[in-house]
Amino acid sequence: MTTIAQAVSCIDGYDPDALRVDKAAEAIRACLVPVSETELVPIRLAPGRILAQEIVPAIDVPGHDNSAMDGYAVRSADLSSPREVLLKQIGSAFAGRAFKDEIQKGQCVRIMTGAVMPRGADTVVVQEVCRAEGDRVTVPPGQKAGQNVRAAGEDLKAGVPVLEPGRALVAADIGLIASLGIGEVAVKRRLRVAFFSTGDELASIGAPLKEGQVYDSNRYTLHGMLARLGVEIQDLGVVRDDPAALEAAFRKAAASADAVITTGGVSVGEADFIRQLMAKLGEVLFWKIAMRPGRPMAFGRIGGAFLFGLPGNPVAVMVTFYQFVREALLVLSGAAGTEIPLLSAVSSQSIRKVPGRTEYQRGVVYRDGGGWKARVTGQQGSGVLRSMSEANCFIVLEHERGNVQAGEMVQVQLFEGLA
Ligand code: AMP
Ligand code: MG
């Protein structure tokens, strides 16, 4: 097995004391090994799971040419006249109840949306433009051959793969799979993720706050973020800044999880004894990342588990989670295509920014007239969790960028997606 040190040594520009965000992400990616075990699940339980098989249709969808409209199925050859044409209706075709005979020259069939095209017919004329009297149907000129017909296989073609392994399944995928008559699919097993908070100042919910204590919020934020990823969650509580307690917690977490997330204890004042502890337990790198918030971070491996040692500040926890851990957990889960889209918006205000680090300002993207603008949510301190709660996006200020003037374009990462 390659060590983490070996993997990161190949990364151009790797500097643990001033690590660019993109390099940190690259370093993490270089080390990750996705889970290999799979399981079969009913498709109803598959949204959010990572597909572990290729989906190859055994059938065409739709299985037959069929009508896209309510109207009349006709032979386009009968409509070559520049004037209206009189046809004889010889029957009706309903969805699920095909019309059996072939239509001949001068004939048509009344047809409903989804009904299989009768043999001989290649075109549907919508009912609104036709005039019917008894079995005589008058069709106006100007119809296009093949119009209003859905071709067999236009959605899915037998033998042509439609979904690849690594796909994080969304509702539309589940529908596609169902349209093939497939009821269960192979997915990667769920990733097991354990986490705990560290800090002597932390009180758990339910206990009264003593002098100088704060309630542990990080575990709840983490729980919320992990729940969205569909991983198995193991909450190991609060651990004191005590080497023996921390060692026991790390051992326990690493024994049962694929990934362990901790918060707190990686800042300069605290890192030393954690560093010694980590060296004893596994291989862990301590990074100073050129970002704000979230500068210190530890990454490594303890036993079979990858470790993400996040800073303690509540906003830094969320930023480092979204910028590094989320993607890493998806990759470990076997997902492909995990990048968060960066969109552009006009900054409605000036924003102070120092070149040489990537900043993740908490922002609100809002509609302004015809376009979308972004503004910062109030105070941006890394302990001000309200700045996250009020935000609907990160305003990502790139590494090299300096101050932003009002009216300049900025990049944003939206918190919410549809699927
Ligand atoms: P640390 O990284 O351990 O030095 O913590 C940095 C700051 O984050 C300190 O002000 C801590 O009190 C705060 N903090 C650490 N862990 C938590 C937590 N689990 N919940 C809320 N605040 C925390
Ligand atoms: Mg601490």
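Since the model is a prediction, treat every value here as computed from it, not as a measurement. (Residues numbered from 1 in each chain as written. Chains lettered and ligands numbered in written order. Predicted model: local features only at pLDDT ≥ 70, side-chain atom pairs only at ≥ 80, totals over all residues. Heavy atoms only, no water.)

Quick look at unusual backbone geometry now. The omega torsion across valine 61 and proline 62 is -10°, close enough to zero to call that bond cis. Relative to the assigned elements, proline 62 resides in the loop between strand S1 (38–42) and strand S2 (66–67). Cis peptide bonds are those with omega within 30 degrees of zero, and the linkage from arginine 292 to proline 293 qualifies with -5°. Look at asparagine 148: it is not a glycine, yet its phi comes out positive at around 60°. (Helix = DSSP H or I, 4+ residues; strand = E, 2+ residues; numbered from the N terminus.)

Another aspect to go through is helix H6 (residues 268–281). The terminal C-alpha atoms of H6 lie 20 Å apart, and with 14 residues this matches the ideal 20 Å at 1.5 Å per residue to within 8%. The largest bend in H6 comes to about 30°, at isoleucine 274. Residues of H6 that are buried: Ala271, Ile274, Leu277, Met278 and Leu281. Check the buried side of H6 and you find it contacts helix H5 (243–256), strand S16 (283–288), strand S18 (296–302) and strand S19 (305–310). (Expected span 1.5 Å × (residues − 1). Bend = angle between axes of the 7 residues up to and from the residue. Buried < 20%, exposed > 50% of the residue type's maximum accessible area, 1.4 Å probe, protein only. Contact = heavy atoms within 4.5 Å.)

Taken together, six strands build an open sheet; the order of strands is S14-S11-S15-S19-S18-S16 and the sheet is mixed. The strands lining the two open edges of the sheet, one partner per strand, are strand S14 (232–239) and S16. Mean inter-strand twist for the sheet, computed between neighbouring axes without regard to direction, equals 15°. Two elements, S18 and S19, share five bridges in a ladder whose sense is antiparallel. Looking at the pairing, arginine 301 lines up with phenylalanine 306 of S19. With respect to the sheet, helix H4 (residues 218–229) is in contact with strand S11 (192–198), S14 and strand S15 (259–263), its orientation differing from that of S11 by roughly 165°. Sheet strands in contact with helix H7 (residues 314–332) are S11, S15, S18 and S19, and its direction is about 170° off that of S19. (Pairing = 2+ DSSP bridges. Axes fitted to C-alpha atoms, helices over the stretch in contact; angles between N-to-C directions.)

Right, let's get into the site of ligand 1. Taken together, 14 residues form the shell around ligand 1, and within it Glu201, Asp216, Gly265, Glu270 and Gly312 come nearest. One of the backbone nitrogen or oxygen atoms of glycine 265 is found 3.0 Å away from an oxygen atom of ligand 1. Side-chain polar atom of glutamate 270 to an oxygen atom of ligand 1: 2.7 Å apart, as the coordinates give it. Burial of ligand 1 by the surrounding chains reaches 78%, relative to a free accessible area of 480 Å². Of the residues contributing to the shell around ligand 1, the split by class is three nonpolar, eight polar and three charged. (Near = heavy atom within 4 Å. Polar contact = N/O pair within 3.5 Å; in protein donor to acceptor, adjacent residues only side chain to side chain. Areas by Shrake-Rupley, 256 points an atom, 1.4 Å probe, with all protein chains shown as cover. Nonpolar A, V, L, I, M, F, W, Y, C, P; charged D, E, K, R; others polar.)

Scanning the model with the defined rule gives ten aromatic pairs in all. Ring centres of tyrosine 14 and tryptophan 287 lie 6.4 Å apart, and the angle between their planes is 75°; this geometry places the pair in the edge-to-face category. Of this pair, tyrosine 14 sits in the loop between helix H1 (4–9) and helix H2 (21–31) while tryptophan 287 sits in strand S16, placing them 273 residues apart in sequence. Where phenylalanine 394 meets phenylalanine 415, the ring centres are 5.0 Å apart and the plane angle is 80°; that geometry is what we call edge-to-face. Residue phenylalanine 394 is located in strand S23 (residues 393–397), and its partner phenylalanine 415 is located in the segment after strand S24 (409–414); the two are separated by 21 residues in the primary sequence. Phenylalanine 394 gets classed as buried once you look at its relative accessible area, which sits at 1%. By relative accessible area, which is 25% here, phenylalanine 415 ends up partly exposed. Positioned above the aromatic ring of phenylalanine 94, the side-chain terminus of arginine 97 is 4.7 Å from the ring centre. Residue placement shows arginine 110 over the ring face of tyrosine 72; its charged tip is 5.8 Å from the ring centre. (Phe/Tyr/Trp six-rings, centres within 6.5 Å; stacked < 30°, edge-to-face > 60°. Lys NZ or Arg CZ within 6 Å of the ring centre and 35° of its normal.)

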